[in-house]
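# Descriptive analysis of the structure
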Amino acid sequence: MTGGGADRTAAGRHDSEWQRATETPVDRLGLLWRARWRILTVVVAAVALTTGGTRLVPTVYQSSAQVMIKVPSTSQDGVLASSGLAAEYAEVVHAERVIDPAAQALGVRSATLTARISAGTVAGQNLIQVTVQWGSRETARKAADALAASLVAYIDRQTVELAKNYQEAFDAQLAPLDKQIAAVQQRVLQARPTGSQPGDSASAVDLTTAQSLLASLIDRRAALAAQSAMQRASLSTQVQVVGPAEAASQVQPRPTVYGIVAAVVALLVSGQVVLALGRRRLTSDRRKNGW
């Protein structure tokens, strides 16, 4: 029993010493410095492989054009309406009535163009930015111009159609009023006395009533006409392309960006590997020394 207890005590002491030894801080900077050339080799190799591999990635260029929407108004409501319309029309850039004319102008299929475009407003303003990505710098720019022009034509057609529908609704509203005015005008003519026959009191009352009603109806029609004119003005949305599309820039591949990312990743990974191997070597040495 005594011998067994001594053995366990010695074993416990040995384990305690081993734990303290393994918890001893590793000289990380020293390990990394001694392995600097190997780390540098790994980083250079990673950068070379990454930048070399970008040659296998298709080149993509991007160009954008802007379309401005403006509702004729000097008030704040006009500004808000313009921004709201821009957000709405940015959603219809992928519509067939916008894509098809642009694709036809470029001589490509509509599906091909649809897969390469995106659109949105610029900082919530009344500007729609259409962006096209293509494998050719010149084609990307032409596609952006064609898409912006097609969007402007679409909005113009929508504006004309909306104004036409409103005018038809207004004419339908005025038709019964004009008919009523014509009937009252006839009453006024009938109630007026002729040149040789003076009118009686009843006719005079009827004439006054008819004239008052006629004036009221005419005023009502004038008010509706003025309201219609203001509404038509608000429907006359102004839209135009803000200059030609910008020069296309390369968005894929980006060897410099990819190389930097590869260098950072390789540096971090190789550094961790060096530290892990250093800890393992230190642990092995301590075991050999009987710690």
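The paragraphs below set out a description of the structure included in this document. Keep in mind that what you see is a predicted model, and the values were worked out from it rather than measured.

What the rule picks out here adds up to three salt bridges. Arginine 141 is the salt-bridge partner of aspartate 145, the closest N and O atoms lying 3.4 Å from each other. On the criterion of helical spacing, the pair formed by aspartate 145 and arginine 141 is a turn pair, its members being four residues apart in helix H7 (residues 137-191). In this structure aspartate 145 comes out as partly exposed when scored by relative accessible area, which is 23%. On the basis of relative accessibility, which here comes to 26%, the residue arginine 141 falls in the partly exposed class. For aspartate 178, the salt bridge is made with arginine 221, and the minimal N-O distance between the two is 2.5 Å. Here the residue aspartate 178 occupies a position in helix H7, and arginine 221 occupies one in helix H8 (residues 201-235), the gap between them amounting to 43 residues. Owing to a relative accessible area of 31%, aspartate 178 belongs among the partly exposed residues under this scheme. Each of Glu138, Arg141 and Asp145 takes part in a single network of salt bridges with overlapping partners.

Turning our eyes to something else, we now look at the nonpolar core. In terms of nonpolar packing, the biggest core is built from 31 residues, with Val67, Ile69, Leu113, Ile128, Val130, Leu147 and Leu151 touching the most fellow members. Elements represented by at least two residues in this core include exactly strand E1 (60-70), helix H4 (76-90), helix H5 (96-106), strand E3 (127-134) and H7. Top contributing element to this core by residue count: H7, with ten residues. Phe170, Val184, Leu207 and Leu224 belong to the second-largest nonpolar core, a separate cluster that totals twelve residues.

Take serine 136: it is sitting in the loop between E3 and H7. The class of serine 136 is partly exposed, set by a relative accessible area of 27%.

Moving on: the side chain of serine 150. Of note, serine 150 is situated in helix H7. Among the polar contacts listed, one links the side chain of serine 150 to the backbone oxygen of valine 98, at a separation of 2.5 Å. Setting aside its immediate chain neighbours within four residues, serine 150 contacts Arg97, Val98, Pro101 and Ala102.

Buried within H5 we find Val98, Ile99, Ala102 and Ala103. End-on, the buried residues of H5 take up no more than an arc of 115°, which puts them together on one face. For H5, exposure combined with an orientation more than 90 degrees from the buried face picks out Glu96, Gln104 and Ala105. Along its buried surface, H5 packs onto helix H6 (110-114), strand E2 (117-121) and H7. Glycine 107 sits one or two residues past H5 and shows a positive phi near 80°.

About the thresholds
Residues numbered from 1 in each chain as written. Predicted model: local features only at pLDDT ≥ 70, side-chain atom pairs only at ≥ 80, totals over all residues. Heavy atoms only, no water. Salt bridge = Lys/Arg side-chain N within 4 Å of Asp/Glu carboxyl O. Helix = DSSP H or I, 4+ residues; strand = E, 2+ residues; numbered from the N terminus. Buried < 20%, exposed > 50% of the residue type's maximum accessible area, 1.4 Å probe, protein only. Core = buried A, V, L, I, M, F, W, Y, C linked by side-chain atoms within 4.5 Å. Polar contact = N/O pair within 3.5 Å; in protein donor to acceptor, adjacent residues only side chain to side chain. Contact = heavy atoms within 4.5 Å. Arc of directions from axis to C-beta.

Such coordinate-based values are descriptive only and should not be taken to indicate function.
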